[in-house]
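Results of the structural survey
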Amino acid sequence: MLVSDAVAAVLADFGVDTVFGVVGSGNFHVTNALIARGARFVPARHECGAASMADGWARLSGRPGIVSVHQGPGLTNAVTGITEAAKSRTPMVVLAADVAAGAVRSNFRIDVAALASAIGAVPASLHSPDFAVDDTVRAYRTAAAQRRTVVLALPLDVQAGQCPVPPVEVLHTARTGLTATPAAVARHARDQARGPGRRAHLLRDAAAPEAAARLAAALREARRPVFVAGRGARNARAGAELERLADYCGALLATSAAAKGLFRGSPWDLDVSGGFASPLAAELIRGADLIVGWGCALNMWTMRHGALITPGTVVAQVDDEPGALGGHRPIDFGVLGDVAAVARDVAAAWGDQVVTGYRADEVRKRIEDEVRWRDVPYTDDSDGRRIDPRTLTIALDDMLPADRIVAVDSGNFMGYPSMYLSVPDADGFCFTQAYQSIGLGLASAIGSAIARPDRLVVATLGDGGALMGVSELETVVRLGLPMVVVVYDDEAYGAEVHHFGPDGYPLDTVRFPPVNIAKIARGFGFSAAKVRQVTDLSKVQDWLDGPRDRPLLIDAKVTSERGSWWLEEAFRGH
């Protein structure tokens, strides 16, 4: 069997049924071999788009995304999307064609392993035809079990070699052996604990069996506990376990941006902690006497550079990675383990007692009336030529179906869709911000739409990100995805305008002349609506009421006299 066929056979046996990419000569055979085994190939217009599509797909499907790229520029074009996935701990396998080992003067030669390591991905390679099956199994298992992005180099000479047909028992072992052993976890903990001083002490404490009991004791002593759940809690599907424990101890519930929607429906949900937090959410989090981060880094974004932690507040952290405990700020103690399992253990140690904690009646009433950003009073800056982004987003929130997925690109605008568009649950929010690159949002929305065709996907972009990723508008049309793309157009790189403008710096490099984005979208085959005031949104309602046979782009010229509130908060930290 050709190695390229064997790689496809292994991945197909793992259940791979969707592959994203751009095909060149180097990945032609392996991509077609996957298609021959039943996989759907989704061709992007740019490799970075392919990587971001696979990233969004993996976040919404819960399975490793697969990307197929050509050697050399095929991989380097995809690097920004791969970096976002790696920093987000998205499980993904990049099938990266590579030149033969002997082709030392090939213009396509790059150091694939060094590139992968430099961006935080896991480097892997097919070392020889004899070991190609094992190498592929190892790459997929690493992606799935460790939630890592793996760049698997496929040298052309190895791909063209012959290898034995993968034995059924090998594939069965590959499928069923996707959990880390206790010994491996213990080894990792020992390796991480060799760090200096306080970190090593924390990690030794974290691994102790009594850690869950210590957390239960801290919760008993707390009068105003707050749980902040992050990506780890979302990935562990730990919402129900955390809500149950919070009900016992009277904790309020919040999330990082990546886990937005995890506690949707709870009357004690504060929504997102950090720079996106509403004034009431920030007030209540600052009022906590115990903050527990559940699979949450408690980094500068989630804790507003530490401003949400009042002196004297006890800070605890639960994570299944030793290196994450205390990684961004000092903590009083950590608990090493799976978030859902630890929550169950703490609940078992707690017993049946229920205490009020932070859940006074007046707190509940304030959360009901004030915690959403749309309930915070503001002065509408709309002037008939441009619409206030808050006014725009509140109106869209009322119009669009509740069963939705909101995908957010990066930029000055991003707080508005993130906090003024509601989502039904944690699967309703795709937030590709670990690397904070603009231009990835549309592609991640495409991946989300393919993973969840049962929901309306709403891609929210700034004009900079929209034009950077504009080629994937054709992909939306070609695939027949009935999605909505909202462009918040301030004719600038708004973050830089509002960062440097107040100090009097020239802004010509970050301002742009008007662009008719609606006309561009129509050229790709979209329906489009120009929105300058609320009444223009009637065109959106017409699309929603119609057959939705074409995707819709909303070209919104937004007011830009001031920076968004979350950006002001971020700049304050700098």
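Data block above holds the structure.
So, here is what we can say about the structure in this document. Note that the structure is predicted; figures quoted are calculated from it, not measured. (Residues numbered from 1 in each chain as written. Predicted model: local features only at pLDDT ≥ 70, side-chain atom pairs only at ≥ 80, totals over all residues. Heavy atoms only, no water.)

For the rest of this paragraph, the subject is the pairing of strand β17 (residues 527-531). Taking burial as the measure, the five residues of β17 include four buried ones, the bulk of the element. Bridging between β17 and strand β18 (residues 552-557) involves five bridges; their strand directions are parallel. Opposite Lys530, over in β18, you have Asp555 as the bridge partner. Between the parallel elements β17 and β18, the chain passes through helix α24 (residues 538-545) in a crossover that is right-handed. (Buried < 20%, exposed > 50% of the residue type's maximum accessible area, 1.4 Å probe, protein only. Helix = DSSP H or I, 4+ residues; strand = E, 2+ residues; numbered from the N terminus. Pairing = 2+ DSSP bridges. Right-handed = clockwise from strand over helix to strand, strands pointing away.)

This brings us to the pattern of salt bridges. The full count for this structure, using the stated rule, is 32 salt bridges. A salt bridge links Asp271 to Arg264; the shortest N-O distance between them is 3.6 Å. By relative accessible area, which is 14% here, Asp271 ends up buried. On the accessibility criterion, Arg264 (29% relative accessible area) is partly exposed. Measuring nitrogen to oxygen at the nearest pair gives 2.7 Å for the salt bridge that ties Glu491 to Lys557. Here Glu491 is found in the loop between β16 (484-489) and α22 (494-500), whereas its partner Lys557 is found in strand β18, with 66 residues between them in sequence. (Salt bridge = Lys/Arg side-chain N within 4 Å of Asp/Glu carboxyl O.)

Next up on the list: the sheet that holds strand β7 (residues 225-229). Across a sheet, strands are paired by hydrogen bonds formed along the backbone, either parallel or antiparallel in direction. The six strands are arranged β9-β8-β7-β10-β11-β12 in an open sheet whose pairing can be described as parallel. On the outer flanks of this sheet lie β9 (269-272) and β12 (333-336), each paired with one strand and no other. Strand-to-strand, the axes of this sheet are offset by a mean angle of 20°, without reference to chain direction. Here four bridges tie β7 to strand β8 (residues 252-255), and the two strands are oriented parallel to one another. The partner of Val226 across the bridge, within β8, is Leu252. Of the strands in this sheet, β7, β8, β9 and β10 (290-294) touch helix α14 (residues 279-286), which is tilted by about 110° from β9. (Axes fitted to C-alpha atoms, helices over the stretch in contact; angles between N-to-C directions. Contact = heavy atoms within 4.5 Å.)

Together, Lys519, Arg522, Lys530, Lys539 and Arg550 make up a region of like positive charge exposed at the surface. Secondary-structure assignment places Lys539 in helix α24. (Patch = residues over 30% accessible without salt bridge, like charges linked within 9 Å, V, L, I, M, F, W, Y side chains within 5 Å. Areas by Shrake-Rupley, 256 points an atom, 1.4 Å probe, with all protein chains shown as cover. Lys, Arg positive; Asp, Glu negative; His and termini not counted. Charge placed at Lys NZ, Arg CZ, Asp CG, Glu CD.)

Further remarks concern the nonpolar core. Val94, Val151, Leu442 and Met483 are the most contacted members of the largest nonpolar core, which totals 53 residues. Non-local contacts of Val94, meaning those with residues more than four positions away in its chain, are made with Val67, Val69, Leu75, Ile82, Val150, Val151 and Leu152. In this structure, Leu396, Met414, Val484 and Ala556 belong to the second largest nonpolar core, which totals 42 residues. (Core = buried A, V, L, I, M, F, W, Y, C linked by side-chain atoms within 4.5 Å.)

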